[in-house]
Amino acid sequence: MNEDIKTFTISIYTENNIGLLNRISAIFQRRHINIESLTTSQSEIEGVNRFVIVVNITESQARKIIGQFEKQVEVIRAYYHKDEDTIYTESCMFKIKSALLFEEPQIQNIIKESNARIVTVNKEFFVLEKSGRRNEIESLRRDLNVFGIMQFVRAGRIAVTKDEMKITEMLLAFNNQ
């Protein structure tokens, strides 16, 4: 039975231990799965971290990977979600020559139309920040590429689920042990 490959957001709630990132990435590596995006931060409970990982895989692969994550001692709980089950965004920054801001009126229109925000301006360069879906960021990158981008960086996806996950109660119980 052939399953369709879809984009999944995997959330892993963990203790904050050295070496865990290496073991998590090894699970993907063993299965020849490329990580499209990885973000880690503190979760809603102090002392518990959350990994948000974006991968393109089948749903059966997602289920198997979640099972592998939950075998790790430091992993409290792992979940996978389809795009339509999450609210997500990405952020990026562009560094561009300042002269273009004043010499190319089209740049100001691109910034305004894309809802990007100027973070800083000096004599040599200005920095734009844009948050949104990956296609919005890529569209802005294509538009600005014509003028020359000095630097570009995109952060990984951050996401919350549309449905309640009940993880907070589980994490509170974990924290009170």
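These numbers were taken from a predicted model, which means no experiment stands behind them.

Trainee: Looking at this structure, I do not really get the packing of aromatic side chains. What am I missing?
Mentor: Two aromatic rings are characterised by how far apart their centres lie and by the angle between their planes. Scanning all chains against the criterion turns up 4 aromatic pairs. Aromatic pair Tyr-13 and Tyr-79: ring centres 6.3 Å apart, planes at 90°, arrangement edge-to-face. Here the residue Tyr-13 occupies a position in strand β1 (residues 6-15), and Tyr-79 occupies one in strand β4 (residues 75-82), the gap between them amounting to 66 residues. With a relative accessible area of 1%, Tyr-13 lands in the buried category. Assessed through its relative accessible area of 13%, Tyr-79 is described here as buried. Taking 5.0 Å as the distance between ring centres and 45° as the angle between the ring planes, the aromatic pair formed by Phe-94 and Phe-152 counts as tilted. Here Phe-94, found in strand β5 (residues 86-97), pairs with Phe-152, found in strand β8 (residues 151-154); they are 58 residues apart in sequence, far enough to count as distant. Phe-152 gets classed as partly exposed once you look at its relative accessible area, which sits at 31%. In this structure, Lys-95 packs its charged tip against the face of Phe-125, placed 4.3 Å from the ring centre.

Trainee: I tried to follow the pairing of strand β6 (residues 117-121) on my own but got confused; where do I start?
Mentor: Two faces make up the sheet, and in a regular strand the side chains alternate between them. Where β6 lies against strand β7 (residues 125-132), 4 bridges are found, and the strand directions are antiparallel. In the sheet register, Val-121 faces β7, and the bridge partner there is Phe-126. Counting the residues that bridge the hairpin from β6 to β7 gives 3 residues.

Trainee: Could you clarify how one ought to interpret a nonpolar patch on the surface in this entry?
Mentor: On the surface, a nonpolar cluster with roughly 240 Å² of combined accessible area is contributed by Met-93, Val-119 and Val-153. Within the fold, Val-153 resides in strand β8. A relative accessible area of 48% places Val-153 in the partly exposed class.

Trainee: When you look at the nonpolar core in this model, what are you seeing that I'm missing?
Mentor: In summary, soluble globular proteins display a tendency toward joint burial of nonpolar side chains. Within the largest apolar cluster, 18 residues are counted, with the highest numbers of intra-cluster contacts made by Ile-10, Ile-12, Phe-28 and Phe-69. Looking at this core, the elements with two or more residues in it are β1, α1 (20-30), β3 (48-57), α2 (59-70) and β4. Discounting chain neighbours no more than four positions away, the residues touching Phe-69 are Ile-10, Ile-12, Ile-24, Ile-27, Phe-28, Val-75 and Ala-78.

Trainee: What am I meant to see in the domain arrangement of the protein chain here?
Mentor: Note on interface size: it is often stated as the accessible area lost on association of the parts. Each assigned domain of the protein chain is listed here: domain 1 (6-85) and domain 2 (88-154). Once you take the C-alpha centre of each, domain 1 and domain 2 turn out to be 31 Å apart.

Criteria and thresholds
- Residues numbered from 1 in each chain as written.
- Predicted model: local features only at pLDDT ≥ 70, side-chain atom pairs only at ≥ 80, totals over all residues.
- Heavy atoms only, no water.
- Phe/Tyr/Trp six-rings, centres within 6.5 Å; stacked < 30°, edge-to-face > 60°.
- Helix = DSSP H or I, 4+ residues; strand = E, 2+ residues; numbered from the N terminus.
- Buried < 20%, exposed > 50% of the residue type's maximum accessible area, 1.4 Å probe, protein only.
- Lys NZ or Arg CZ within 6 Å of the ring centre and 35° of its normal.
- Pairing = 2+ DSSP bridges.
- Patch = residues over 30% accessible without salt bridge, like charges linked within 9 Å, V, L, I, M, F, W, Y side chains within 5 Å.
- Areas by Shrake-Rupley, 256 points an atom, 1.4 Å probe, with all protein chains shown as cover.
- Salt bridge = Lys/Arg side-chain N within 4 Å of Asp/Glu carboxyl O.
- Core = buried A, V, L, I, M, F, W, Y, C linked by side-chain atoms within 4.5 Å.
- Contact = heavy atoms within 4.5 Å.
- Domains from an automatic or database assignment.

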